[in-house]
Each structure stands twice: as C-alpha cells, then as structure tokens.
Amino acid sequence: MKRFRRHGHESHRDRLKQELFQFNKTVEHGFPHQPSALGFSPSLQLLAIGTRSGAIKLYGAPGVEFMGLHDENAAVTQVHFMNHQVELVTLLDDNSLHMWTLRGHKGQSELLEIGRFMLTGPPGAPPSVTRVTAVLAHSSGELLLLGTEGGHVFVVEVPGFRELEERNISLDQVSSSVPDDYIGRRNLEHVEALQENPVDPNQVVLGYGRGLMVIWDLQRQRAVQHIPATQQLESVWWTEDGSFLLSSHSDGSFCRWAVGVEDEKDDEEKSDIPYGHFPCKAISKIVQLPTADGPPFLLFSGGMPRASYGDRHCITVIHGKTHVALDFTSRIIDFFVIRDGAKHTGDPRALVVLVEEELVVLDLQTEGWPVIQTPYLVPLHSSAITCSHHVSSIPLKLWERLLAAGELQSRHYSKKPWPIIGGQNLGADPPQRDLLLTGHEDGSVRFWDASGVCLSPMYKLSTAGVFHTDSDPNDNMNQGPEGEWPPFRKVGCFDPYSDDPRLGVQKIHLCKYSGYLTVAGTAGQILVLELNDEAAEQTVEATVVDLLQGQEGFRWKGHARLDVREEPVLFPPGFQPFALVQCQPPAVVTALTLHSEWKLAAFGTSHGFGLFDYQQKTNVFIKCTLNPGDQLAMEGPLSRVKSIKKSLRQSFRRIRRSRVSLRKHHANNASKVPSAAAAAAGHRRVSAARGHVRLCPLSRQLQEANARLEAELAEMELAPVQRKIEARSSDDSFTGLVRTLYFADTFLSDSSHSTPSLWAGTNGGCVFAYMLRLPPVEHRADEPVTAQQAKEIQLMHRAPVVGLVVLDGQGAPLPEPLEVAHDLARSADMQGSHHLVVVSEEQFKVFTLPKLSAKTKLKLTAVDGSRVRRVGVAYFGSSRTEDYGESGLVVLTNQGDVHVVSLPHVKMQVQYPCIRKEDVSGIASCVFTKHGQGFYLISPSEFERFSLSARLVVEPRCLVELPLGSASKQRLDSNRSRIQSEDAEVLQEIQKSLEGDQTSFLENNVKSVAS
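Below you will find a few notes about this structure.

1. What to know about the overall build of the protein
Within the protein, the secondary structure is distributed over nine helices and 64 strands. A total of 1011 residues make up the protein; the buried ones form 50% of that total. Long-range contacts, defined as pairs at least 24 residues apart, comprise 58% of the intrachain contacts of the protein with a sequence gap of at least 6. Summed over its atoms, the accessible surface of the protein is roughly 48,500 Å², and 51% of this surface lies on carbon and sulfur atoms.

Dropping the structure here:
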C-alpha cells in the first residue's frame, strides 16, 4: 500500500510541477547582431531585418514582433515584401530564395516559411549564370525578376516559385539590341539593379555593372530605350512621374536621364559629383522623392571624398537649400523613406537608416530633421554592457519619477510619434512594472522598461562626472564648425569607446522603495545615489577603505584609483551621488548589497569586504579575506599573463602524464600473460636473451596494482568533467575573493532574540556572519553602528560560495528591506527556527540557526560535473489557482542548464537546457527575476528573455491583417469559397447516401413483413 500511495503522491506532485513550471524562450530584446539586409512594406507598415546568421525579424507597432530562422546557416543579403501582400522573399548568400508569410493561427499571426527556390542553369553552365545579384518584386504581386551575375534576368512566378522560361531576358537578347557604338557592349557584366516604372508596370530598367541601362518592355519582350552610362553602376532610381532615371556610380557621381528620348542630345550623360573634384567613394544608393509644395528630397549614401573622409559612413539629404551629410557611427546597411498618405505617396515623413550597430529614424517634417526615439531595436551596446540588475514590481511613484527624469534627457528627440505602426498588439497590459538596469563600460547605468515585449529606454545615469577623465566636457561632437564642407552632422548613439576603462560598472543594487541606488565599478569605487527631482550642485567626498588593513608583503600591481573631482559638480535631475567609498587596493568590486531600512551598504572585492553607513558616511568595519597564496589577487584584472601561462603549463603536464600512464598501462597489460604463466610454473626461472629474471608474487602484485592506479589516473585526467566533489586546496588563487553578500534579520546568538546581520561568502568556501547593532531611530544619526563577527563556516570541499539565503520559521525567504513596511509582503515568521541555505558552486547545504549545524544538502556535481554559475530566489505562482505558489532557488550551471530547487527541502524540481555550454559570456551575463524569468546576452547587443513560470510569460501576441484588395486576400477568399463549395457538395452526397440507405432499409422491412 505504501508503494501505491507514494506513486499517487508523485503523480500529484508531477501535476503540480506542470502548473508551476514551464520553460519558454519568449522574446529577444535589443538590436539584431550583424544585420545584413533591410526591407519595408508600406502597405503593411512592417520593417524587416535580415542578419548574417540567417535570422529574419519583422517589426511593426510597439509590441508587434516576429522572428524566423532559415535552416541554412547563411547570411540574408536581400529582403523584399510582395506588393500589398503578407508575403516576403529573402535572398541568402548561398543563392537560395525563400518565401515567408504571416499566417493566422488561433487568432494571432505567425511567421512561416512556405517555399524555397534556387535557380538552375543549363547543364554545364558556370555558376555565375544563375548567381542572383538583383531582385525585383513586381507590383503585380505575382512575379519576381532575378538579375544574375551572368547578366541574365529570370522571371519567376510566386508564391509557387515557377520559372517562366518564355519570359526570361537573356544576355544575348540585350546585347543584340545595344547600339554598336557603346564601348562596353561586349561585356555588360552582372545585373546590378532592377527597377519598375512607377507609371507603367510593364516597363523595367535593367542596370548592368558596366554602366549600361536598358528599359525593357515585359509584355512585348523587347528593349524600349538604352541609356549608355560609362561609369561603373551602383544603383538606379526611377522618379515618381516616370520621366527620369537617376543612376549612381562608383566614382561618387550620379546622373539624371530622360526617359522616352532615344537619342539626340537629350540623353547625353549629365554627371554630378556632389563632393568635389578629388576622387570620391561610390554612391551605393540614390533616392529622389517629390513634395507637394516644394523641391524634391534627394538622398544618397556614400560619395565622400576618398582621401579626406573615406572612413565616414554618410547619407546625404538635400532639400532645396538645405544640405546635410548625416554621419553615422557604423557602416550603413540600407535605408528607406516613409511617406504620408493612405497610399504612401505623399510627402516624405521619416528617413529610416539601418547601420551595422543601430537603427536611426529621422523626422523629415520637423525643422532640423531631429531623430525620433526608437521604442525598440535600441542599441543596448552603445557602450559595452558589463553587468545587469533586474528589479520587479516597481512602485508607481518611483516609476513616474524615473520617466520624468528620462523625459528631460529626451528633449533633443522629435515630438512626432513612431512612424512604423503595422499590426495589432494583442498582448494584455503587463501585470507589473519591471526595470532592467544595465551597467556599461563608460560608467553609465541605463534603465529599461522590461515590463512587456518591448525593452524601452527610460533613463540614463552617468557616473563619469564624479571623476576626472581624459575627455573634455566642452567637446561638441554633434556639429562640425560653421562652413565645413561636407556639412557633417553626427547621428546615432552607438559609441563603443570609453574615456577610461576604470569607469566600467560591475555591480548595481537598487532599492525600489526608498529610491537609493548603489553602483560599484572596476577601480574599487562604490557610489551611493539618491533620486532627486531637481538639479543639484554638490561635492562628493570619498571615504577611503584599506581592505588589506596594513598587512605586509602585498603590493598592488594593478591600475590606480580614479581621481575624484574636488570642485562641486552640477548633477541633473535623477539619481545623484552623495557618498563615495574607495577601496584600497582599487580592485574590481565583486559583491554589493544595500539595506535601505538600516541605511547600510556592503561591498566586497578580491581582498575583503566592508560595511558602510551611508547615513553617517562612515565605514563600520573591514574584513580582509586575503590568503598568503593569493598573489594573483594583487595583479588586477588586466595582469593575468602569469596565470594563463601557468594554466597552459599545467594542461600540457596533465596531457603528458596521461600519455605516459597509458603507455605504462598497455605495457603492464602485455606483461600479465607471461607473469601468470610463470606463477603457474611454480616460480621457475625464465630464460631471456641476456641472463635470467626471477619474478616473485609480491613484485607481480605491485606491478599490477601500479598498472591499475595509472589507468585510473589516466581516466581521471582524460575525463575531468565526470568527477565527484573534491576538496580544493587552500592555496588556490583568489580564495579570498568575495562572491556574495547578504543582509538578514535572524537568530545568530540565541534562538529567542533576532538581530540584524551581514553574511559574506568567499571563493574559498568560507562564510562569515557579523552581528550588527543599530542605534535607536531617534539616535541613528548620532550613535555609530557596530559590528561583531559571530559565526564562520568553512565548507569542506572549499567550493566558491555563490549565494546565501535565510529562511524564516515557515521555510520562506526573508522579505526585502521595506517590503513589509509598504504592506507588499507578510512579516517574516520569527516563531519557528530559521535556516541558512548556503549555495556553493557544487552543492546546496542547509544549516540550522543559530547553531549552524548541517541539516540537509543536495549535491549538484556528483554525476555530470555541473557547477553553479548564477543563483536567485523566485516565486512561482500556479497557472491553475491564483492563491497557490511556491518559492524556490533558480540556478544556472556552467553546462547552460537551468534548475529549480525547492525550499526549504532543497530538492531538484525541474531542469531545462537553456544556454549552450560553449556560450561562456551568455552564462556569465544571466540575471534572474523575482517571478521566474531571466535575461542573458545572446550577442553584445541582444538579450534573450526566458521564462520558467507557467503563470507569467511575456511574449509577443500580435496580428497582421491582409490589406484590402490584396492578391493574397483575393486568393484566400477564392480558396475559402472553393472549400465552402466543396464542403457543400460533400454534404449533399452524404445526405443522398443516407436517404438511399433509409429507403432501402424500409423496402427490406416491408418485404420481410410480407413474407
């Protein structure tokens, strides 16, 4: 009976797990890594970006996002939307074409690949014949024109990808029609550009690499006009009225050609080189758009003077007398213009530019052409991300104050709304307000709205103003000097260069209830900041803390500390620093925590940890954790050459030992047979070529034991992952490095009186507990806070301690500071006994408080060699009932797996593969939320969001409807009517057969009665 009851209990627990836990990778935040292609659908109002890794991403209104991934590991080179349809075509650099569609499923749209195609040439033809270089999606929505490297143009019917051989345009057809006097008629080169006549869909212009342009009539299958340009062709643009063609060339020039004029003087080459008489770079794309009441807009990319500004990435915009060269911070991929009007044929409204590191949108209808702030696709890596911190359930007051401070920083942006508004966001409003804080290499902290699908910027904090740096605050990089030519204007926020790498932010801790923030950096600096709605000018005084406490024999070889500004600094509204702690030596801050109710901040480095009272701006105590063997801790983060050499040397020695031991093992195995024969012969003498050898039983046993030992050592060396927990040497480097700090109000001295405490865990498996004495509230500003070391734990296996959690009498984690005071959590149970959970890299161990006797543990590394890299506490609500939930530990290992461990019994609940184990930076960047979600970097510019909770899942839910009158909608309607008619016919047949069966049944019954 016990067995059956246990089985029932397990099945109930399994059902409960399904209601609590569910793993999903939900959405990717940030800017796509290595973009390679850009597309836009004016009718759908959707933007498409292809990447070098084969991803295709679609964006519309905020919250409308789709993502697809090609099976081929090839870069997307071109993206084209079919006119007035929900289909788009992608071209990869492996020469394959792919058709994608937005198909409705369960009330929302999903991006699906519905076809793929690759041109096939005649047998024996070189690959260049079918290598696609230009794609034109015809306005009919039924044809694709594919220009190739061999000069041919293939016509393909879509969506079925059927080649219409009778309509193909061969190179021979074009060459035979070229005038004899054209200098390049014998070698037109590849098809560089294909453009459709805006007023006549039957006419397209074929642009060849040598410069020739041919206007071709698709219906009559012949050339209408030849435009004999002599410079290498880069792009072609047909003006809206169809009367002119613009061509851009490799020498930095563009030309205007009249359409419909076959010869005489009107079609002579009228070349214009915008940027001077010196050699210029190619103009890769040119666009001209009319305006209702003024001159047209002319836009082109490239064309800069090669010698002076050949390294600039520019798009020139000319409108009347206004001429601006927009200078971007990275290479330009492509651009397009969004226009007004229902049919998108009105005045130009916005210029959308995709560069290698960001997306920039400019308002073309506001004076000065300001930038429109992007609600998504924001370059998270405008300065390299160095750390992350997530805060859930932000109070409304703090949220509004952050938004107000952020709006003051956004005054230079355009007031126009975001121009890309395709699709409908069907997702419900976020249940709570969440913040994601990212620390950056330039000393800035960026606040992001992480409540929903869009990761939107809210506010930016810069800590560089507190210190002296090499940059001059009066530098103005946005505008060149008056009268400069070309008239450059710096555009974009991507700036990967840091004034000083010591400014890099390493740790962040925000108290959402009090508005206090701590930011710690690379050079041992810890800033304490407070949110202020008004600008303030103040001096930040540094409190220097000597973590070595005068120990001799140690000399810091790393970087120097940052110099603090002695004069007052004007800080804008937002977070403003009022206290600074400077660690000596100025090593990287490795642990940081804040208790705003007690007005205390704790910090740790590789040399020790300390406690700072930021109300009185005094240091409470210092603990040096440096061991005599920790010489590497004195070298700083940039002085690891010795350790690398040492590890390489040790690796080669291990390989050499394993090979030697294997050779010995094989040799001993070969000698076992004659040894056994000699033993059977009663230890008789064995003759050899040179003398006689006597083998006794003891020597044979020693040899066999040695062989077995060597074989075991070899297996251990060759399979280091499959290991058990081993005690580590106390002489290992960085054993004194502080990995985690934790404040708790719990029982340390006895089980009847709780006391404030600070806990610290080190890299050497040591846990320190300090009892804190806080003065009464009325004397808090006068009397000092005191601390006394109460407990110390040394884990036997000396694995690094990565997490500490105190559980109350009911086994629940203690609430956050001020959480109970704001009635957002119940008070901790102080009646039952408390427990301490120590999470090391290799196991979870529970100790009773205050005695610190071990109660239970869970080993993680006994089988697969996993090590804990990240740990957090999360609450998992049931997806079935609102009033049930469980708290647990969320753990990420070095294998990339995510585990949920129950509390207080520390039992493994679920395990999911999340990150590739080779992605070391992704694992190191992971941050967990309080409600079972997580973020990690999949590239320098993108966060992947995942969820472990079955109740709380943040993912795109959106719908894109077919445009009215589109070919896709007509095909869909015809398919529906055909299906309905077929269904009606089937129903009629079924009814007839039923009626026939009924009559035959009655006839049989009548016959049987009659008989």
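Structure's up, so let's keep going.
2. Remarks on helix H4 (residues 396-409)
When the terminal C-alpha atoms of H4 are compared, their 20 Å separation across 14 residues agrees well with the 20 Å that a helix rising 1.5 Å per residue should span. Regarding H4, the residues found buried are Leu398, Trp399, Leu402, Ala405 and Gly406. Along the axis of H4, the buried residues cluster in a sector spanning 130°; they form a single face. Exposed residues lying more than 90 degrees from the buried face of H4 are Lys397 and Glu407. Of the surrounding elements, those touching the buried residues of H4 are strand S32 (435-440), strand S33 (444-449), strand S34 (456-462), strand S38 (525-532) and strand S42 (574-584).

3. Some thoughts on the nonpolar core
In this structure, Leu435, Leu437, Phe447, Leu461, Leu517 and Phe575 are the most contacted members of the largest nonpolar core, which totals 33 residues. Among all residues touching phenylalanine 575, those that are not within four sequence positions of it are Leu402, Phe447, Tyr459, Leu461, Leu510, Gly515, Leu517, Leu529, Glu530 and Leu531. Within the second largest apolar cluster, 32 residues are counted, among which are Val767, Ala769, Val846 and Val906.

4. Some points on the sheet that holds strand S45 (residues 608-613)
If you walk across this open sheet you meet the four strands as S43-S44-S45-S46, and the pairing is antiparallel. In this open sheet, the two edge strands, each paired with only one partner strand, are strand S43 (591-595) and strand S46 (618-624). Pairs of neighbouring strands in the sheet enclose a mean axial angle of 10°, with direction left out of account. Pairing geometry for S43 and strand S44 (residues 600-604), over five bridges, is antiparallel. When the sheet's bridge partners are listed, threonine 593 is paired in S44 with alanine 602.

5. Examining the pattern of salt bridges
Counted by the stated rule, this structure contains 28 salt bridges. Two residues, aspartate 334 and lysine 285, come together in a salt bridge whose shortest N-O distance is 2.9 Å. Separated by 49 residues along the polypeptide, aspartate 334 in strand S26 (residues 332-339) and lysine 285 in strand S22 (residues 283-289) bring together distant segments of the chain. The class for lysine 285 is partly exposed, based on a relative accessible area of 24%. Close ionic contact of arginine 739 with glutamate 841 constitutes a salt bridge, the shortest N to O distance being 3.6 Å. With arginine 739 in strand S49 (residues 738-746) and glutamate 841 in the loop between strand S54 (835-840) and strand S55 (843-848), this pair connects stretches of sequence that are 102 residues apart.

6. Observations regarding unusual backbone geometry
Geometrically, the link from leucine 849 to proline 850 is a cis peptide bond, its omega value of 5° lying close to zero. Along the chain, the position of proline 850 falls in the loop between S55 and strand S56 (854-859). Along the chain, leucine 903 connects to proline 904 via a cis peptide bond; the corresponding omega equals 5°. Looking at the secondary structure, you find proline 904 in the loop between strand S59 (897-902) and strand S60 (908-913). Even without a glycine there, the phi angle at valine 906 is positive, about 40°. Along the polypeptide, valine 906 turns up in the loop between S59 and S60.

7. Observations concerning the side chain of glutamine 85
Assignment of secondary structure puts glutamine 85 in the loop between strand S6 (76-81) and strand S7 (87-92). A polar atom in the side chain of glutamine 85 sits 2.8 Å from the backbone oxygen of glycine 141.

8. Some points on the packing of aromatic side chains
This model, assessed by the stated rule, comprises 26 aromatic pairs. Ring geometry for phenylalanine 40 and phenylalanine 336: centres 4.5 Å apart, planes at 10°, overall stacked. You can see phenylalanine 40 sitting in strand S2 (residues 35-41) and its partner phenylalanine 336 sitting in strand S26, a full 296 residues away along the chain. Looking at phenylalanine 40, the relative accessible area reads 16%, which means it is buried. Taking relative accessible area as the criterion, phenylalanine 336 reaches 12% and is therefore assigned buried. Geometrically, the ring pair formed by tyrosine 936 and phenylalanine 946 is tilted, given 6.0 Å between the ring centres and 50° between the ring planes.

9. Topic: the environment of methionine 796
Positionally, methionine 796 belongs in the loop between strand S52 (786-794) and strand S53 (801-807). On the basis of relative accessibility, which here comes to 71%, the residue methionine 796 falls in the exposed class. Note: C-alpha distance between methionine 796 and glycine 764 (32 residues apart in sequence) is 10.0 Å.

10. Quick word on empty space enclosed by the protein
Scanning the model with the defined rule gives six cavities of 30 Å³ or more in all. Within this model, the largest cavity holds a volume of roughly 70 Å³. Contributing to the lining of the largest cavity are Val27, Glu28, His29, Gly30, Tyr59, Glu65, Tyr376, Leu377, Val378, Val453, Cys454 and Leu455. With four residues, strand S1 (residues 21-30) is the single largest residue contributor to the lining of the largest cavity.

11. Considering the environment of leucine 436
Tracing the backbone through its elements, the reader meets leucine 436 in strand S32. Residue classification places leucine 436 among the buried positions, given a relative accessible area of 0%. Sequence separation of leucine 436 and threonine 929 is 493 residues, and the distance between their C-alpha atoms is 9.5 Å. Apart from residues no more than four positions distant in its own chain, leucine 436 is found in contact with His389, His390, Arg446, Phe447, Trp448, Ala450, Leu455, Val927, Phe935 and Phe943.

What counts, and at which threshold
- Residues numbered from 1 in each chain as written.
- Predicted model: local features only at pLDDT ≥ 70, side-chain atom pairs only at ≥ 80, totals over all residues.
- Heavy atoms only, no water.
- Helix = DSSP H or I, 4+ residues; strand = E, 2+ residues; numbered from the N terminus.
- Buried < 20%, exposed > 50% of the residue type's maximum accessible area, 1.4 Å probe, protein only.
- Contact = heavy atoms within 4.5 Å.
- Areas by Shrake-Rupley, 256 points an atom, 1.4 Å probe, with all protein chains shown as cover.
- Expected span 1.5 Å × (residues − 1).
- Arc of directions from axis to C-beta.
- Core = buried A, V, L, I, M, F, W, Y, C linked by side-chain atoms within 4.5 Å.
- Pairing = 2+ DSSP bridges.
- Axes fitted to C-alpha atoms, helices over the stretch in contact; angles between N-to-C directions.
- Salt bridge = Lys/Arg side-chain N within 4 Å of Asp/Glu carboxyl O.
- Polar contact = N/O pair within 3.5 Å; in protein donor to acceptor, adjacent residues only side chain to side chain.
- Phe/Tyr/Trp six-rings, centres within 6.5 Å; stacked < 30°, edge-to-face > 60°.
- 1 Å grid on protein atoms, 1.4 Å probe; cavity = no way out; pocket = protein on both sides within 12 Å on 5 of 7 lines; lining within 4 Å.
- Points joined across faces, edges and corners; volume = space filled by probe spheres on them.

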